[in-house]
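Coordinates in review
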Amino acid sequence: MGFIVGVVIGLIVGITIIIGFVKAENYRSKIRSELANTVAAFARMTVEDSRKLLPADFYPSWVVFSERQNCFWCFILLQLTWLNHHLTKIWPYVDEAASELIKASVEPVLEQYRPAIVASLTFSKLTLGTVAPQFTGVSVIDGDKNGMTMELDMQWDGNPNIVLGIKTLVGVSLPVQVKNIGFTGVFRLIFRPLVDEFPCFGAVCVSLREKKKLDFTLKVVGGDISTIPGLSEAIEETIRDAVEDSITWPLKPVGMLEVKLVQAKNLTNKDLVGKSDPFAKLFIRPLREKTQRSKTINNDLNPIWNEHFEFVVEDASTQHLVVRVYDDEGVQASELIGCTQIRLCELEPGKVKDVWLKLVKDLEIQRDNKNRGEVHLELLYVPFGSGSGIVNPFASSSMTSLERVLKNDTTKEENATTRKRKDIIVRGVLSVTVISAEEIPIQDLMGKADPYVVLSMKKSGAKSKTRVVNDSLNPVWNQTFDFVVEDGLHDMLVLEVWDHDTFGKDYIGRCILTLTRVIMEEEYKDWFPLDESKTGKLQLHLKWMAQSIYRDS
């Protein structure tokens, strides 16, 4: 009897479970069907439908453009998980298709960046491995009605098999493996033009907008790369520069950046005997032919360069100017003192920006608290094209009749022979009033100082000095000096503060000023801190009376 009851109860429970499972599956199928219908409805939704559902304040500006962008909006709504899932599935095919393409396109770039100690640099083997990159974020930049710009945050901790075939100048061949690659960056996708038919755009442009991190290690197959001094650092720098320059946006010139490398101060001493011999390298794109080098200042940790450089800008919103300061070691490899950079988007077009930038060991490492010195720059970004309404403030058209004759004669000569570039010579009179100083450091045993100021023009060598103010840490001079300046854009005003003693003098500090600001503003008054001094500042009034002429260079 008990057996029969158990069988009956078991049948009832089993049938109940089966019925419940079938109902659950039917319910899930119904939910999936409704979700599919909802997605299909969204795919058919027009801009007018979206306006009915949501007021204009609830959706971004790029949604409300035209019917042509309706399909593109649906594409934006794809989830990153879906994208990453399918990228993982197709990655083996991407690896096979892209490896040869990357090899063919990157090898010429590597040749451009090839260090001097290497005779040839090619790929012996290149595969992207089995680990696909992952997209971690997406954003859409407002565009016009003809296109759309999307930015994707990408992270790749891959296992590629990359072997470089390196031949040194001495004839030694080394197979170098690139391992443990870690990359994080932001890719920019530009879809243009937008069309009515699937896939809703005519073409797509892909580029790297920002490189956040690029880590890798180098290993000689069957050997040690450290056996050749300097090779590892040279190859690593070559790879970083080549990767960044070959895929980083931009594509075409949009403006010109004018850079005046003024000076540096408090540089780290790299020499055991004497002081460092600093020089600087500047670039926007790290191509060898587009990198500018300053002259070397021997035995000086506070060098004054006062050199002018020009760089072509291809995208002011994403590019940056990089400055690297080295210690010149003669025939040996130069040693890096420090480096720094400034984003071009921080510059206001047509306005000169005067900046002091702190040097760091590595631009990729943010936590560097060691004092390596500072570098002083004057920057001017001028976009191309008259439509921008921005012109070079130094390109003055006001000339005397004699200058117009000289310029016309030169123009005729250029048309008859070859075209020459013209540099503007800003000639005039600089009037400097040394008003006062404050917080001069104590120089005497009595807790006072006897300060005076020596004024000199860096290029012409003209000098003047103020009177001595006895027993004062806050002297007032109110003395004016005039200097005839033949080339204001390339000259500098140096003011040195000294302490007068009966049997000599003691150096207190100095101010170094370019003439850029006074040329543009014509007159200004300001306080300037003393370099090479713990305290102290000078109050100056500068006035400029200019007359521009032209010369061929």
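Relevant structure appears above.
Heads up: these notes are all about the structure in this document. (Residues numbered from 1 in each chain as written. Predicted model: local features only at pLDDT ≥ 70, side-chain atom pairs only at ≥ 80, totals over all residues. Heavy atoms only, no water.)

Re the overall build of the protein
Looking only at helices and strands, the protein has 7 helices and 22 strands in total. Here the protein, with 553 residues, has 41% of them falling under the buried criterion. Across the protein, the fraction of contacts at a sequence separation of at least 24, relative to all contacts at a separation of at least 6, is 66%. When the accessible surface of the protein is totalled, it reaches about 30800 Å², and 56% of it is carbon and sulfur. (Helix = DSSP H or I, 4+ residues; strand = E, 2+ residues; numbered from the N terminus. Buried < 20%, exposed > 50% of the residue type's maximum accessible area, 1.4 Å probe, protein only. Contact = heavy atoms within 4.5 Å. Areas by Shrake-Rupley, 256 points an atom, 1.4 Å probe, with all protein chains shown as cover.)

Some words on the nonpolar core
Grouped together as the largest cluster of nonpolar side chains are 35 residues, with contacts concentrated most on Leu 164, Ile 166, Val 178, Phe 216, Leu 218, Ile 235 and Ile 239. By residue number, the principal contributor to this core is strand β5 (residues 173–191), which donates 8 residues. Every residue in contact with Ile 166, bar those within four places of it in the chain, is listed here: Val 118, Ser 120, Leu 121, Val 172, Ser 173, Leu 174, Val 176 and Ile 235. In this structure, Val 485, Val 497, Leu 530 and Leu 538 belong to the second largest nonpolar core, which totals 33 residues. (Core = buried A, V, L, I, M, F, W, Y, C linked by side-chain atoms within 4.5 Å.)

Some thoughts on the sheet that holds strand β20 (residues 504–514)
An order of β17-β16-β19-β20 is seen for the 4 strands of this open sheet, with the pairing classed as antiparallel. Each having just a single partner strand, β17 (463–465) and β20 make up the two edges of the open sheet. Within this sheet the neighbouring strands show an average axis-to-axis angle of 20°, counted without direction. Relative to strand β19 (residues 492–501), strand β16 (residues 451–457) runs antiparallel, the two sharing 7 bridges. (Pairing = 2+ DSSP bridges. Axes fitted to C-alpha atoms, helices over the stretch in contact; angles between N-to-C directions.)

Overview of helix α4 (residues 80–113)
Counted at 1.5 Å a residue, the expected span for α4 with its 34 residues is 50 Å, but the 36 Å between its end C-alpha atoms falls short. Along α4, the sharpest kink reaches roughly 55°, centred on Ile 90 and followed within four residues by the proline Pro 92. Listing the buried residues of α4 in full gives Asn 84, Leu 87, Trp 91, Asp 95, Ala 98, Ser 99, Val 109, Leu 110 and Tyr 113. (Expected span 1.5 Å × (residues − 1). Bend = angle between axes of the 7 residues up to and from the residue.)

Notes on the sheet that holds strand β10 (residues 304–313)
Hydrogen bonds between backbone groups are what pair the strands of a sheet, and the pairing can be parallel or antiparallel. An order of β10-β7-β14-β13 is seen for the 4 strands of this open sheet, with the pairing classed as antiparallel. Taken across any chain shown, the strands that pair with only one partner, and hence form the sheet edges, are β10 and β13 (353–358). Neighbouring strand axes in the sheet, compared pairwise and without regard to direction, differ in orientation by 25° on average. Relative to strand β14 (residues 374–383), strand β7 (residues 255–265) runs antiparallel, the two sharing 10 bridges.

Some remarks on the packing of aromatic side chains
Tallying each qualifying case throughout the model produces 5 aromatic pairs. Ring geometry for Trp 498 and Tyr 507: centres 5.2 Å apart, planes at 70°, overall edge-to-face. In this structure, Lys 281 packs its charged tip against the face of Tyr 326, placed 5.5 Å from the ring centre. The residue whose ring lies beneath Arg 517 is Tyr 524, and the NZ or CZ to ring-centre distance is 3.8 Å. (Phe/Tyr/Trp six-rings, centres within 6.5 Å; stacked < 30°, edge-to-face > 60°. Lys NZ or Arg CZ within 6 Å of the ring centre and 35° of its normal.)

Side note on the pairing of strand β11 (residues 320–327)
For β11, the tally of buried residues reaches 8 of 8 residues, placing the bulk of the element in the interior. As judged from the 6 bridges shared by strand β8 (residues 278–283) and β11, these two strands associate in the antiparallel manner. Pairing of Leu 282 across the sheet is with Val 323, part of β11. Here 8 bridges tie β11 to strand β12 (residues 335–343), and the two strands are oriented antiparallel to one another. Residue pairing for β12: Val 325 is matched across the bridge by Gly 338.

These figures come from the coordinates and say nothing about function on their own.
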